[in-house]
Amino acid sequence: SEYLFYKDWKKVALMLRKEGIRMRVSTNGILLTESTIDFMIDNDLLGFVTLSLDAATKETMESTRIRVNYDKNMQRIRYLLRKATEAGQTFEFVAAFVMMKRNLHELPAFVRLMKSLMPEKCLPTVYVLCQPLENFNVAGYREFVHKEHHMLLGEATLQKIFADTLSAEQETGITVTFYNQHLRDFVREGMPFPKFFPRQMDVDIFLKTIRSGSPLW
């Protein structure tokens, strides 16, 4: 659950900070207002921030994430990174991207977008973390996974997107990780997809795998 939902999070965060413990915040951005950012930076509370975004464009983000406002999220990321840099504070900022058929083509642009939001000499370290859809056995959600899992794009398409994303990583200096490793290592190793991923995508094999409840890449 999102820590910022807790009504007394400020009180708890200040108590922990006195003990030398900084916050690890995971959010979709809705509760990450400028006043919240001000409180966290002014009290030097942040150690790690993950912001779940999943898109580089307004249309894709707002159609994928309910009640999320693209423009507000961009404004808040820029404000957070600038205010932290001005305050001389360092922490890890992770822009999370859940890979789906509908959004994976935006991954290279997503990396460049994060770079565009960083101030000059940005002190927080910015990463892009790519994650697959989870294989939860929940009615409705499973059907969504069957239609939207990124591996259904096929290996050739994935290879091109990942190669383009590596170019964006090299251009921006922002580290991209997924498949439990750095993107550059994955590409250097020849993009070794999971063993059940056939050379020519067999949708029946894929669906059998996810319906079994096995973990997905």
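Residues numbered from 1 in each chain as written. Predicted model: local features only at pLDDT ≥ 70, side-chain atom pairs only at ≥ 80, totals over all residues. Heavy atoms only, no water.

(A) Quick look at the overall build of the protein. In terms of regular secondary structure, the protein is built from nine helices and six strands. Counting across all 217 residues of the protein, residues that qualify as buried make up 48%. Sequence separation of 24 or more characterises 71% of the internal contacts of the protein that already satisfy a separation of 6 or more. Here the protein displays about 11,400 Å² of accessible surface, and carbon together with sulfur accounts for 50% of that area. (Helix = DSSP H or I, 4+ residues; strand = E, 2+ residues; numbered from the N terminus. Buried < 20%, exposed > 50% of the residue type's maximum accessible area, 1.4 Å probe, protein only. Contact = heavy atoms within 4.5 Å. Areas by Shrake-Rupley, 256 points an atom, 1.4 Å probe, with all protein chains shown as cover.)

(B) Here's a closer look at the nonpolar core. One finds Phe93, Met114 and Phe162 to be the most contacted residues of the largest nonpolar core, which totals 55 residues. Broken down by element, this core gets its largest block of residues, seven residues, from helix H4 (residues 70–86). (Core = buried A, V, L, I, M, F, W, Y, C linked by side-chain atoms within 4.5 Å.)

(C) Geometry of helix H7 (residues 155–172). Over its 18 residues, H7 runs 25 Å from end to end, which matches the ideal 26 Å to within 8%, given 1.5 Å per residue. Glu155, Leu158, Ile161, Phe162, Thr165, Leu166, Ala168, Glu169 and Thr172 are the residues of H7 that are buried. Down the axis of H7, the sector holding all buried residues measures 160 degrees, keeping them to one side. Projecting away from the buried face of H7 at angles above 90 degrees are the exposed residues Ala156, Lys160, Gln170 and Glu171. The elements touched by buried residues of H7 are strand E3 (92–99), helix H5 (107–116), strand E5 (175–178) and helix H8 (183–188). (Expected span 1.5 Å × (residues − 1). Arc of directions from axis to C-beta.)

(D) Layout of the environment of Leu31. Structurally, the position occupied by Leu31 is in the loop between strand E1 (23–27) and helix H2 (34–42). Placed 28 residues apart in sequence, Leu31 and Tyr3 show a C-alpha to C-alpha distance of 9.9 Å. Apart from the residues lying within four places of it in its own chain, the contact partners of Leu31 are Glu2, Leu4, Phe5 and Thr36.

(E) Molecular detail of the packing of helix H1 (residues 9–18) against H2. Look at H1 against H2: their axes get within 11 Å of each other, and the N-to-C directions meet at 15 degrees. Put simply, H1 runs roughly parallel to H2. Considering how the two elements wind past one another, H1 and H2 form a crossing that is right-handed. Counting all contacts with H1, which are made through Trp9, Lys10 and Leu14, the residues of H2 involved are Thr36, Phe39 and Met40. Split by residue class, the contact of H1 with H2 holds four nonpolar, one polar and one charged. (Axes fitted to C-alpha atoms, helices over the stretch in contact; angles between N-to-C directions. Parallel < 35°, antiparallel > 145°, perpendicular 65-115°, else oblique. Left-handed = near helix turned anticlockwise from the far one by under 90°. Nonpolar A, V, L, I, M, F, W, Y, C, P; charged D, E, K, R; others polar.)

(F) Representation of the pattern of salt bridges. Under the counting rule described, the total for this entry stands at 12 salt bridges. Here Asp71 and Lys58 are joined by a salt bridge, their closest N and O atoms 3.1 Å apart. Residue Asp71 is found in helix H4, and its partner Lys58 is found in helix H3 (residues 58–64); the two are separated by 13 residues along the sequence. (Salt bridge = Lys/Arg side-chain N within 4 Å of Asp/Glu carboxyl O.)

(G) Seen up close, the layout of surface pockets. The calculated volume of the largest pocket comes to roughly 350 Å³. Lining of the largest pocket is provided by 16 residues; of these, Asp54, Thr64, Arg65, Val98 and Leu133 occupy positions nearest its centre. Counted by class, the lining of the largest pocket contains 10 nonpolar, two polar and four charged residues. (1 Å grid on protein atoms, 1.4 Å probe; cavity = no way out; pocket = protein on both sides within 12 Å on 5 of 7 lines; lining within 4 Å. Points joined across faces, edges and corners; volume = space filled by probe spheres on them.)

(H) Molecular detail of unusual backbone geometry. Residues other than glycine seldom take positive phi values, yet Arg67 does so here, at roughly 65 degrees. Considering the arrangement of structural elements, one finds Arg67 in the loop between H3 and H4. Although it is not a glycine, Met191 sits at a positive phi angle of roughly 55 degrees. A relative accessible area of 10% places Met191 in the buried class.

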